[in-house]
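Now for the letters of each chain:
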Amino acid sequence: MQYSEKVMEHFANPHNVGEIPDANGVGEIGNAKCGDIMKMFLKIENDIIVDVKFKTYGCASAIATSSIATDMIKGQPISEALKLTNKAVVEALDGLPAVKIHCSVLAEQAIKAALADYYKRQGIDPEPIVGKIEEHDHDACHI
Amino acid sequence: MRYVYADNAATTPVSKKVVEAILPYMTEHYGNPSSLYAIGQTAFSAVDKAREQVAAALGADKKEIFFTSGGSEADNWAIRGAAALGAKKGKKHLITTKFEHHAVLHTMAALEKQGFTVTYLDVYEDGLVRTEDVEKAITDETCLVTIMYANNEIGTVQPIAEIGKICKDKGVLFHTDAVQAVGHIAINVKEQNIDMLSLSGHKFHATKGIGALYCKKGLRLPNLIEGGAQESGRRAGTENVPGIVGLGVAITEMCENIEENAKKVSALRDRLFEGASKISHSRINGSTEKRLPGNFSMCFEGVEGESLLLMLDMNGISASSGSACTSGSLDPSHVLLSIGLKHEVAHGSLRLSLSENNTVEDVDYILSVLPGIIDRLRSMSPLWDHIVENEKQ
């Protein structure tokens, strides 16, 4: 197994690490048993993601996918963030080893979970907009 | 930046003595040991000498040493061979432990598919099997007990002599995978009643691709590899002469210095344990007493092992982890789970394996870097936040 230079770059110096105290959308996905948890903090104004931060527990690819995924949605309208796929995240990192693809799925899901939270806080049912967020139990480590 | 190699349980650098000894067998004495002309006979004598050296290191006779491609082949040969011998007598039960190397566990799984039954003994929190469990598990159907000498991840050293005695008394064959132990702790196959023992050269400064099986006199295992008449007709294939020569030199060198090295290396390891134990939410895996001199294994809550070892690598330290991400599967190492660790704790494991080449400065360097890396990973870990929050409540 080998990581691309891009993955190692983002792992060594991840972008957007931390919390946003006045975030208006927060999502957490994954669990400790699987060995990876991603938490996304969004600050949304007028449907634009003006700020995004993350905290991740996991391997190098989990940290690198969080870093690049946050870069990809920062400053973007919600509609663009909703279009972010795990495939795009993998491509942006110049590829991930096959056993690590699930990390990119986690990044996509974590952003969607944060967006779902944003809608919920406004009393809007997020499911028609964001879609269903997968429950992540240990069996789901295999996604 | 300082470089510290602390993954000697994975492999070791080849010693200078070994390199010097094996070079002529590639350039001058390159003959085939089966050939009757001079350079063939030179190679034959060298193989013979190495066989004596390996035998001497184990307290065995040279006729009981068979060179293999490494530890995995030796394990496969011993276990499959003993199973075949057992099956002939209608004995199709084997006993092993839950935390063996995969060379043993996967061989067992293959035998289960062929109709053998296998008992996987529990390992306790101290990383040790209990002799009474071994005794209880043996039945009239049992043809083999195979228990590793020392564990590759947590370094715990099993009560091999006691188990050997039990097996001898019960008339059951006893094999031990001693890949991590040979060259590092004193072994005597006769005194410890070991019938078969696997070893691997690259774990003690010989080259990769060479190992041996000790198989006691009178025990005729069926061949694993058929072909020519090498190794008394029991393991075919032209001998890996340079590898064998190196194995002999390395094992002799290690055994000459075994006590001195153990003293030095275990002092380094204890210094490492002492320093790293100051990190909060950490635990040592397995007994600190019944342990290989060079093995350090700890878990740090709230961090993930692969990230930890890659950050150590960025600081010039080569280490290893039993986290899922490094095991290539989705579960953390079976060894850490076998001693009762929760998945989330096992994911944060770190193994540092030292050798006599390491120094106090190496250890102090590791200790100067490790707490900062763990702090950094914890500062970005939502799991760590959960742990801290739970404690407040």
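Here is a short report on the structure shown in this document. Being a predicted model, the structure only gives us computed values, none of them experimental. Within any chain, residue numbers begin from 1 and follow the written order of that chain's sequence. Following the order in which they are written, the chains are lettered starting with A and the ligands numbered starting with 1. Per-residue local features are limited, in this predicted model, to residues with pLDDT of at least 70; the limit for side-chain atom pairs, both in listing and counting, is 80 or more; totals at the level of whole chains, interfaces and linings are taken over all residues. Side-chain figures throughout are based on the complete set of non-hydrogen atoms in the structure, without hydrogens or water.

### Looking at the interface of chain B and chain A
- Contacts are assigned to residue pairs that have any heavy atoms within 4.5 Å of one another. With 24 residues of chain B in contact, the opposing surface of chain A contributes 31 residues.
- Roughly 2,100 Å² of surface becomes buried between chain B and chain A when both sides are summed, with 65% attributable to carbon and sulfur atoms.
- Basic side-chain nitrogens of Lys or Arg form a salt bridge, by our definition, when they fall within 4 Å of a carboxyl oxygen of Asp or Glu. Along the contact surface separating chain B from chain A lie two salt bridges.
- Residues adjacent in sequence count toward polar contacts only when both atoms are side-chain atoms; beyond that, a polar contact is any pair of N or O atoms within 3.5 Å, and within protein one must be able to donate a hydrogen and the other to accept it. Taken together, the connections running from chain B to chain A amount to 12 residue pairs in polar contact (both at pLDDT 80 or more).
- Secondary structure is summarised from DSSP: a helix means a run of H or I of at least four residues, a strand means a run of E of at least two, and numbering begins at the N terminus for each. Residue assignment for the side of chain B that touches chain A shows that the elements contributing at least two residues are helix 11 (305-314), helix 14 (343-346), helix 15 (360-379) and helix 16 (382-392) of chain B.
- Classifying every residue of the side of chain B that touches chain A gives 10 nonpolar, eight polar and six charged. As a working definition, buried area equals the accessible area (1.4 Å probe) given up by two parts on being put together, with both sides summed. The residue classification treats Ala, Val, Leu, Ile, Met, Phe, Trp, Tyr, Cys and Pro as nonpolar and Asp, Glu, Lys and Arg as charged. All others, Gly included, are polar.

### Side note on the side chain of B:Asn8
Residues and elements named next belong to chain B.
- Mapped onto the elements of the fold, Asn 8 is located in the loop between strand 1 (4-5) and helix 1 (16-22).
- Note on classification: 1.4 Å probe, protein chains only; a residue is buried when its accessible area is under 20% of the maximum for its type, exposed when over 50%, partly exposed between these limits. With a relative accessible area of 7%, Asn 8 lands in the buried category.
- Among residues more than four places away in sequence, those in contact with Asn 8 are Pro 13, Lys 203, Ser 353, Leu 354, Ser 355 and Asn 358.

### Re the sheet that holds strand 9 (residues 282-284) of chain B
All names here are of chain B.
- We treat two strands as partners when DSSP finds at least two bridges between them. Taken together, three strands build an open sheet; the order of strands is 9-10-12 and the sheet is antiparallel. Looking at which strands have only one partner, the edges of the open sheet turn out to be strand 9 and strand 12 (349-353). On average, each strand axis in the sheet is tilted by 25 degrees relative to the strand beside it, whichever way the strands run.
- Across three bridges, strand 9 lies against strand 10 (residues 295-300) in antiparallel orientation. Each residue of the ladder has a partner; that of Arg 283, found in strand 10, is Cys 299.
- In this description, a line fitted to the C-alpha atoms serves as the axis of each element, helices being fitted only across the stretch in contact, and the angle between N-to-C directions of two axes falls anywhere from 0 to 180 degrees. Along the sheet, helix 10 (residues 258-276) makes contact with strand 9, strand 10 and strand 12, crossing strand 10 at roughly 10 degrees.

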